[in-house]
Amino acid sequence: AQSVTQPDIHITVSEGASLELRCNYSYGATPYLFWYVQSPGQGLQLLLKYFSGDTLVQGIKGFEAEFKRSQSSFNLRKPSVHWSDAAEYFCAVGAPNFGNEKLTFGTGTRLTIIP
Amino acid sequence: GAVVSQHPSWVICKSGTSVKIECRSLDFQATTMFWYRQFPKQSLMLMATSNEGSKATYEQGVEKDKFLINHASLTLSTLTVTSAHPEDSSFYICSASGGENYGYTFGSGTRLTVV
């Protein structure tokens, strides 16, 4: 069975500082990997996804993530955070089977930005 | 890109009543839709997968008689919470897939409060 672990429940960074959110997954083959962001009371916005190819994936809002098969990781990074990045971030894994795209989510990491 | 619309955004209902939540694919035909549930400050859990014209597949532990899912057309799936109770209060969110659109785009979610 597939699973996702986000080790950090809550992270606080200063505005302008760099950010890395950790994500480890368990899956039998090469999975589809995702990062979503959720603001309070809002839905999920897809930041980026990895299906195959280049292991460094660029997303929206200046985010990027790197797939490392040897470490079963898909960490999210941003070189300089903005106050508007404060939100909940979810890593998710899915099976690469079209029509069966149910996702398994991690427990989320809450990001707080301090001025 | 794929757009998934969900309605209503929030709803308050009395215990014992039923509530219907709609999930629509606006610019593509969704052969499959996924319904997730999110408890406060927790992650998202898949409730069920619905395929157009057939019965939904429910995840283990989800009561199919309480959470009725109908996917009668290629653009609309509905989730009806029957005889709602306060413990059903949650955030419900859907995603849809079809054509060239994988099911990784979510609706904006529905916050259900049962009083």
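Here, every reference points to the structure presented above.
Quick caveat, the model's predicted, so the values are computed rather than measured.

Calculation rules
- Residues numbered from 1 in each chain as written.
- Chains lettered and ligands numbered in written order.
- Predicted model: local features only at pLDDT ≥ 70, side-chain atom pairs only at ≥ 80, totals over all residues.
- Heavy atoms only, no water.
- Patch = residues over 30% accessible without salt bridge, like charges linked within 9 Å, V, L, I, M, F, W, Y side chains within 5 Å.
- Areas by Shrake-Rupley, 256 points an atom, 1.4 Å probe, with all protein chains shown as cover.
- Salt bridge = Lys/Arg side-chain N within 4 Å of Asp/Glu carboxyl O.
- Helix = DSSP H or I, 4+ residues; strand = E, 2+ residues; numbered from the N terminus.
- Contact = heavy atoms within 4.5 Å.
- Buried area = accessible area lost by both parts, 1.4 Å probe.
- Nonpolar A, V, L, I, M, F, W, Y, C, P; charged D, E, K, R; others polar.
- Buried < 20%, exposed > 50% of the residue type's maximum accessible area, 1.4 Å probe, protein only.
- Pairing = 2+ DSSP bridges.
- Core = buried A, V, L, I, M, F, W, Y, C linked by side-chain atoms within 4.5 Å.
- Axes fitted to C-alpha atoms, helices over the stretch in contact; angles between N-to-C directions.

A.B. asks: Even after reading the chapter, I still don't get a nonpolar patch on the surface, so can you show me in this structure?
C.D. replies: There is a patch of nonpolar side chains on the surface, built from W10, I12 and V115 of chain B and spanning about 380 Å² of accessible area. Within the fold, W10 of chain B resides in strand β2 (residues 10-13).

A.B. asks: Even after reading the chapter, I still don't get the interface of chain B and chain A, so can you show me in this structure?
C.D. replies: Interface size is commonly expressed as the accessible surface area that is lost when the partners come together. Contacts between chain B and chain A engage 22 residues on the former and 21 residues on the latter. For the pair chain B and chain A, the summed buried surface comes to about 1,700 Å²; carbon and sulfur atoms form 61% of the total. For the pair chain B and chain A, the number of links is 1 salt bridge. The salt bridge partner of E59 of chain B is K102 of chain A, with a shortest N-O separation of 3.7 Å. Breaking the side of chain B that touches chain A down by element, the ones donating at least two residues are β4 (32-38), β5 (44-51), β9 (90-98) and β10 (101-106) of chain B. Ranked by residue count, the leading element in the side of chain B that touches chain A is β10 of chain B, at 5 residues. Taken together, the residues of the side of chain B that touches chain A break down into 9 nonpolar, 11 polar and 2 charged.

A.B. asks: Sorry if this is basic, but what is going on with the pattern of salt bridges here?
C.D. replies: Pairing between side chains becomes possible if they bear opposite charge and their charged atoms approach one another. Residues and elements named next belong to chain A. Within this structure, the stated rule accounts for 7 salt bridges over all chains. With a shortest N-O distance of 3.2 Å, E64 and R77 are connected by a salt bridge. One end of the pair, E64, is in strand β8 (residues 64-68); the other, R77, is in strand β9 (residues 73-78), with 13 residues separating them in the sequence. Under the relative-accessibility criterion, R77 is labelled partly exposed at 23%. The network of salt bridges with common partners includes E64, E66 and R77.

A.B. asks: I'm lost on the pairing of strand β5 (residues 32-38) of chain A in this one. Help?
C.D. replies: Every other side chain in a regular strand lies on the same face of the sheet, so the side chains alternate between the two faces. Residue and element names in this part refer to chain A. With 7 of 7 residues buried, β5 is to be regarded as a mostly interior element. Because side chains alternate across β5, one face comprises the buried residues Y32, F34, Y36 and Q38, and the other comprises L33, W35 and V37, equally buried. By the bridge criterion, 7 bridges tie β5 to strand β10 (residues 87-94) in an arrangement that is antiparallel. By the bridge assignment, V37 is partnered in β10 with Y89. Looking at chain direction, β5 and strand β6 (residues 45-50) are connected through 5 bridges and run antiparallel. In the sheet register, L33 faces β6, and the bridge partner there is Y50. The hairpin formed by β5 and β6 contains 6 residues between the paired strands, and G41 there has a positive phi angle of roughly 75°.

A.B. asks: Please explain the nonpolar core as it appears in this structure.
C.D. replies: Inside soluble globular proteins, nonpolar side chains tend to come together where they are buried. Among the nonpolar cores identified, the biggest contains 26 residues, and L19, W35, L47, L48, F74, L76 and Y89 of chain A are the most heavily contacted of them. Counting only elements with at least two residues in this core, the list comes to β2 (10-14), β3 (19-21), β5, β6, β8, β9, β10 and β12 (109-114) of chain A. At 4 residues, β10 of chain A tops the list of elements feeding residues into this core. Apart from the residues within four sequence positions on either side, Y89 of chain A is in contact with Q6, L21, W35, Y36, V37, L47, F63, L76, G108, T109 and L111 of chain A. In terms of nonpolar packing, the next biggest core, distinct from the first, is built from 24 residues, A30, I69, A96 and L112 of chain B among them.

A.B. asks: Explain the sheet that holds strand β1 (residues 4-7) of chain B to me, please; I cannot follow it from the model alone.
C.D. replies: Through backbone hydrogen bonds, the strands of a sheet pair up, either in parallel or in antiparallel fashion. Residues and elements named next belong to chain B. With respect to topology, 4 strands assemble into an open sheet ordered β1-β3-β8-β7, the strand pairing being antiparallel. Each edge of the open sheet carries a strand with a single partner, namely β1 and β7 (67-73). Each adjacent strand pair in this sheet contributes to an overall mean axis angle of 15°, direction not counted. One ladder, built from 5 bridges, connects β7 with strand β8 (residues 76-81); its direction is antiparallel.

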